[in-house]
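Each chain, written out:
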Amino acid sequence: MIISQKTAQKTASYLLQVKAIKLNSKNPFHWASGWLSPIYCDNRVVLSHPEIRTFMGNHLAQEIKKNTPTDFVIAGVATGAIGMGMLVAHTLNAPFIYVRPEPKKHGRTNQIEGQLDSGKNVIVIEALISTGKSSLNAVTALRENGAKVTQMLALFTYGFLQAKENFLQANIELKTLCDYEHLILEALHQKFVSEQEIASLQSWRKDPAVWVP
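Residues numbered from 1 in each chain as written. Predicted model: local features only at pLDDT ≥ 70, side-chain atom pairs only at ≥ 80, totals over all residues. Heavy atoms only, no water.

S.K.: I tried to follow the environment of I52 on my own but got confused; where do I start?
M.R.: Assignment of secondary structure puts I52 in helix 2 (residues 50-67). Separated by 53 residues in sequence, I52 and K105 have C-alpha atoms that sit 36 Å apart. Not counting chain neighbours up to four residues away, the residues in contact with I52 comprise Y14, Q17, V18 and V46. (Helix = DSSP H or I, 4+ residues; strand = E, 2+ residues; numbered from the N terminus. Contact = heavy atoms within 4.5 Å.)

S.K.: Mind showing me how you'd approach the environment of V77 here?
M.R.: Position of V77 among the secondary structure elements: in strand 5 (residues 73-77). In this structure V77 comes out as buried when scored by relative accessible area, which is 5%. Along the primary structure V77 and T157 are separated by 80 residues, whereas in three dimensions their C-alpha atoms are 15 Å apart. Those residues within four positions of V77 in sequence are excluded, and the remaining contacts are I82, V99, V124, I125, E126 and A138. (Buried < 20%, exposed > 50% of the residue type's maximum accessible area, 1.4 Å probe, protein only.)

S.K.: Can you help me understand helix 1 (residues 5-17) in this one?
M.R.: Since the α-helix turns once every 3.6 residues, residues separated by three or four places project in the same direction. In this model, helix 1 (13 residues) spans 18 Å end to end at C-alpha, consistent with the 18 Å of a helix rising 1.5 Å per residue. The complete set of buried residues in helix 1 reads T7, A8, T11, A12, S13, Y14, L15 and L16. A positive phi of about 60° marks K19, the residue just after helix 1. (Expected span 1.5 Å × (residues − 1).)

S.K.: Could you clarify how one ought to interpret the packing of helix 6 (residues 180-189) against helix 7 (residues 195-206) in this entry?
M.R.: Two measures define how a pair of helices packs: the angle their axes make with one another and the distance between the axes. It is at 10 Å that the axes of helix 6 and helix 7 come closest, and there the two elements cross at 170°. On the basis of their axis angle, the class for helix 6 and helix 7 is roughly antiparallel. The two elements helix 6 and helix 7 cross, and the hand of that crossing is right-handed. Residues Y180, E181, I184 and L188 of helix 6 form the contact with helix 7, whose own contacting residues are E195, I198, L201, Q202, W204 and R205. By residue class, the composition of the contact of helix 6 with helix 7 is six nonpolar, one polar and three charged. (Axes fitted to C-alpha atoms, helices over the stretch in contact; angles between N-to-C directions. Parallel < 35°, antiparallel > 145°, perpendicular 65-115°, else oblique. Left-handed = near helix turned anticlockwise from the far one by under 90°. Nonpolar A, V, L, I, M, F, W, Y, C, P; charged D, E, K, R; others polar.)

S.K.: Mind showing me how you'd approach the nonpolar core here?
M.R.: In summary, soluble globular proteins display a tendency toward joint burial of nonpolar side chains. Membership of the largest hydrophobic core comes to 70 residues, with the highest contact counts inside it found for M56, I74, L142 and F156. For F156, the contacting residues outside a window of four places in its chain are L15, I21, I39, C41, N43, A127, L128, I129, C178, D179, Y180 and L183. (Core = buried A, V, L, I, M, F, W, Y, C linked by side-chain atoms within 4.5 Å.)

S.K.: For this particular structure, what's the right way to read the packing of helix 1 against helix 2?
M.R.: In the contact formed by helix 1 and helix 2, the axes pass within 11 Å of each other and the chain directions differ by 150°. The orientation of helix 1 relative to helix 2 falls into the category roughly antiparallel. In this structure, the crossing between helix 1 and helix 2 has a hand that is left-handed. Listed contacts from helix 2 to T7, K10, T11, Y14, L15 and Q17 of helix 1 are E51, I52, F55, M56 and H59. A breakdown of the residues in the contact of helix 1 with helix 2 according to their chemical character gives five nonpolar, four polar and two charged.

S.K.: What should I look at first to understand the side chain of N43 in this one?
M.R.: Note that N43 resides in the loop between strand 4 (39-41) and helix 2. By relative accessible area, N43 is classed as buried at 4%.

S.K.: Sorry if this is basic, but what is going on with the sheet that holds strand 9 (residues 148-157) here?
M.R.: Pairing between the strands of a sheet comes from backbone hydrogen bonds, and it takes one of two forms, parallel or antiparallel. If you walk across this open sheet you meet the six strands as 7-6-5-8-9-10, and the pairing is mixed. The two strands at the open ends of the sheet, each matched to only one other strand, are strand 7 (112-113) and strand 10 (173-179). Note: strand 8 (residues 121-129) against strand 9, eight bridges, orientation parallel. Within strand 9, the position partnered with E126 by the bridge is A154. Against the sheet, helix 1 engages strand 9 and strand 10, with an angle of about 55° to strand 10. (Pairing = 2+ DSSP bridges.)

S.K.: When you look at the packing of aromatic side chains in this model, what are you seeing that I'm missing?
M.R.: Geometrically, a pair of aromatic rings is defined through the distance of the ring centres and the angle of the planes. All told, the structure shown has twelve aromatic pairs when counted by the stated rule. With a centroid separation of 5.4 Å and 15° between ring planes, the pair formed by Y158 and F160 is classed as stacked. Accessibility classification places Y158 together with F160 in one group, the buried group. In this structure an aromatic cluster arises from ring pairing among W31, W35, F156, Y158, F160, Y180 and W204. (Phe/Tyr/Trp six-rings, centres within 6.5 Å; stacked < 30°, edge-to-face > 60°.)

Spatial relationships are all this shows, so hold off on functional conclusions.
In structure tokens, the structure reads:
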């Protein structure tokens, strides 16, 4: 669920402006999963732009303030959401931790970095949601360490059905600043893509595993 239509439109505009999201249906990108994709997303790029990171951090923080008790911890999912998570925590004057994909293989072998007391309410910040598996892996790690986790906020989601099912099964409410639908509409509005390319982008989202340009 997006936070608001206006926020989604502005976020899409920013992501396209700084090329955090690139669209190319004629020469698709190769994902690690093996999928061909007409879209490539690296939302860490926004951290290099003060105005944009402030806009996104503030909107995430405002959403948390509206719907969350005062005693909570912000957790960023490593590595993509560490910077944004820290920015949100600073804005809210809240404790911050981050979660690795797996425990370190040396030292203290931590998967969660920072201080997390058992029983704390934790709000997870993520940069990008695809299938949701890596994001929910962080939730599992937090819960195994005694945290109460019921919500995640992210900058962007592809809106795959598989992700929706995964979040529902994990009992996690997902809210995002922007989603795929608003992104491609804004891309068309700003002439980043043509009407013909929009059809291809929409086709990819329906079944990305078998999509071909």
